[in-house]
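# Observations on chain architecture
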Amino acid sequence: MANARKPFISGNWKMNHNHLDAVQFIQKLYYRLEKDDYEAVEISIHSPFTDIRSLQTIIESDKMKFHIGAQNCHYEPSGAFTGEVSAPMLAKLSVSHVIIGHSERREYFGETDEIVNKKLKAVLGNGMTPILCCGETLEERESGEANSKVEGQIRAGLAGITKEHVASMVIAYEPIWAIGTGATATSADAEEMCLHIRGVVAGVAGNDAAESVRIQYGGSVKPGNIAELMAQPNIDGALVGGASLEADEFAALIQYRNHGR
Ligand code: 13P
């Protein structure tokens, strides 16, 4: 039976595109997409912080059906944290989805599972939806530790979060060796891990939450491989880096269900 989870495709721009690029991008994407696309797929754009206000203005004034996203936030609502941006600040800009615990943040900015857990609570506490990232390194995969690494990230990330909140969340499985390398996990490997993640969520928050939580795959998703990934029963969407930077390519990804027609 087909599941009730609506496909969800998110573009993570990372540290790319200034606010002028962002405005051009969103207009182009809007003109490339059809009404059916929004009915079939939810779409979020995770720009750098400096672009969000411009995107919000244009998305709201033209009633575009894109979710406004962010790539990170601090876990405290305010205070002496030079250079940081808080969850309430993002919520005020109509941000609805925040990526938390991306592997680049874990690796380059020292984010631990404990910090990730605090950030998830801040995002949820401000009425937004977190996209919790998890994934293993190549060494971990080769030494057979991928499942336990991901399980540990999910368990620690979700600690103390209500079942209802878990049900509303998005989890992104991004094997680190597949990010920006062109080496995608096979759809069978990605499906196997997403099924495993759903099982871990069931153990932590119950079957209803596991059935509702949406799981994205991320790591070199392109127009040429997305349809096969999306055909897997436990893959509900994609978290896209490089291929989300150019409007035509991102539109082609969103329109994956037309591929081969
Ligand atoms: P790429 O799609 O560029 O591999 O990036 C994946 C990613 O890290 C999205 O968050």
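Here, the structure is the one placed above.
These notes cover the structure that comes with them. It should be emphasised that the depicted structure is a prediction, and the values quoted were computed from it without experimental measurement. (Residues numbered from 1 in each chain as written. Predicted model: local features only at pLDDT ≥ 70, side-chain atom pairs only at ≥ 80, totals over all residues. Heavy atoms only, no water.)

What follows deals with the overall build of the protein chain. Each helix and strand in the protein chain was counted, giving 13 helices and eight strands. By the compact-globule yardstick of 18 Å for 261 residues, the protein chain fits well, its C-alpha radius of gyration being 17 Å. Considering the protein chain as a whole, with its 261 residues, one finds that 51% of them fall into the buried category. Expressed as a percentage of contacts within the protein chain between residues at least 6 apart in sequence, the contacts between residues at least 24 apart total 75%. Total accessible area on the protein chain stands at roughly 11700 Å², and carbon and sulfur atoms take up 52% of it. (Helix = DSSP H or I, 4+ residues; strand = E, 2+ residues; numbered from the N terminus. Rg over C-alpha atoms; globule rule 2.2 N^0.38 Å. Buried < 20%, exposed > 50% of the residue type's maximum accessible area, 1.4 Å probe, protein only. Contact = heavy atoms within 4.5 Å. Areas by Shrake-Rupley, 256 points an atom, 1.4 Å probe, with all protein chains shown as cover.)

With that out of the way, let us pick up the site of the ligand. Near the ligand there are 13 residues, and of these K14, H102, G180, S220 and G242 occur at the shortest range. Here an oxygen atom of the ligand and a backbone polar atom of G242 are 2.8 Å apart. About the coverage of the ligand: the protein hides 97% of its 300 Å² of free accessible area. Residue classes in the shell around the ligand are distributed as four nonpolar, seven polar and two charged. (Near = heavy atom within 4 Å. Polar contact = N/O pair within 3.5 Å; in protein donor to acceptor, adjacent residues only side chain to side chain. Nonpolar A, V, L, I, M, F, W, Y, C, P; charged D, E, K, R; others polar.)

Strand order in the closed barrel made by the eight strands is 1-2-3-4-5-6-7-8, with parallel pairing throughout. Neighbour-to-neighbour, the strand axes of this sheet turn through a mean angle of 25°, independent of strand direction. Across four bridges, strand 1 (residues 8–12) lies against strand 8 (residues 237–240) in parallel orientation. Note on strand 8: the bridge partner recorded for G11 is V240. In the packing of helix 8 (residues 146–157) onto the sheet, the strands contacted are strand 5 (129–134) and strand 6 (170–173), and the crossing angle to strand 5 comes to about 155°. (Pairing = 2+ DSSP bridges. Axes fitted to C-alpha atoms, helices over the stretch in contact; angles between N-to-C directions.)

Moving on, we get to the packing of aromatic side chains. Taken as a whole, this structure holds five aromatic pairs when the rule is applied. On the basis of an interplanar angle of 75° and a centroid distance of 4.8 Å, the ring pair of W13 and F25 is categorised as edge-to-face. Here the residue W13 occupies a position in the loop between strand 1 and helix 1 (19–32), and F25 occupies one in helix 1, the gap between them amounting to twelve residues. Of the aromatic side chains, those joined through ring pairs into one cluster are W13, F25 and F250. For R105, the ring lying beneath its charged end belongs to F109, and the centroid distance is 4.2 Å. (Phe/Tyr/Trp six-rings, centres within 6.5 Å; stacked < 30°, edge-to-face > 60°. Lys NZ or Arg CZ within 6 Å of the ring centre and 35° of its normal.)

Turning our eyes to something else, we now look at the packing of helix 6 (residues 113–125) against helix 8. As a packed pair, helix 6 and helix 8 sit with axes 8 Å apart at the nearest point and diverge in direction by 45°. By the angle between their directions, the pair helix 6 and helix 8 is classed as oblique. For the pair helix 6 and helix 8, the sense of crossing is right-handed. On helix 8, the residues touching D113, N117 and L120 of helix 6 are G152, Q153, A156 and G157. A class-by-class count of the residues in the contact of helix 6 with helix 8 yields two nonpolar, four polar and one charged. (Parallel < 35°, antiparallel > 145°, perpendicular 65-115°, else oblique. Left-handed = near helix turned anticlockwise from the far one by under 90°.)

Here the focus is the side chain of D51. With respect to the element layout, D51 can be found in helix 3 (residues 49–61). Buried charge without a partner: D51 forms no salt bridge, and the closest opposite charge is R53, 13 Å away. Other than its neighbours up to four places away in sequence, D51 contacts W13, N16, H17, N18, H19 and A22. (Lys, Arg positive; Asp, Glu negative; His and termini not counted. Salt bridge = Lys/Arg side-chain N within 4 Å of Asp/Glu carboxyl O.)

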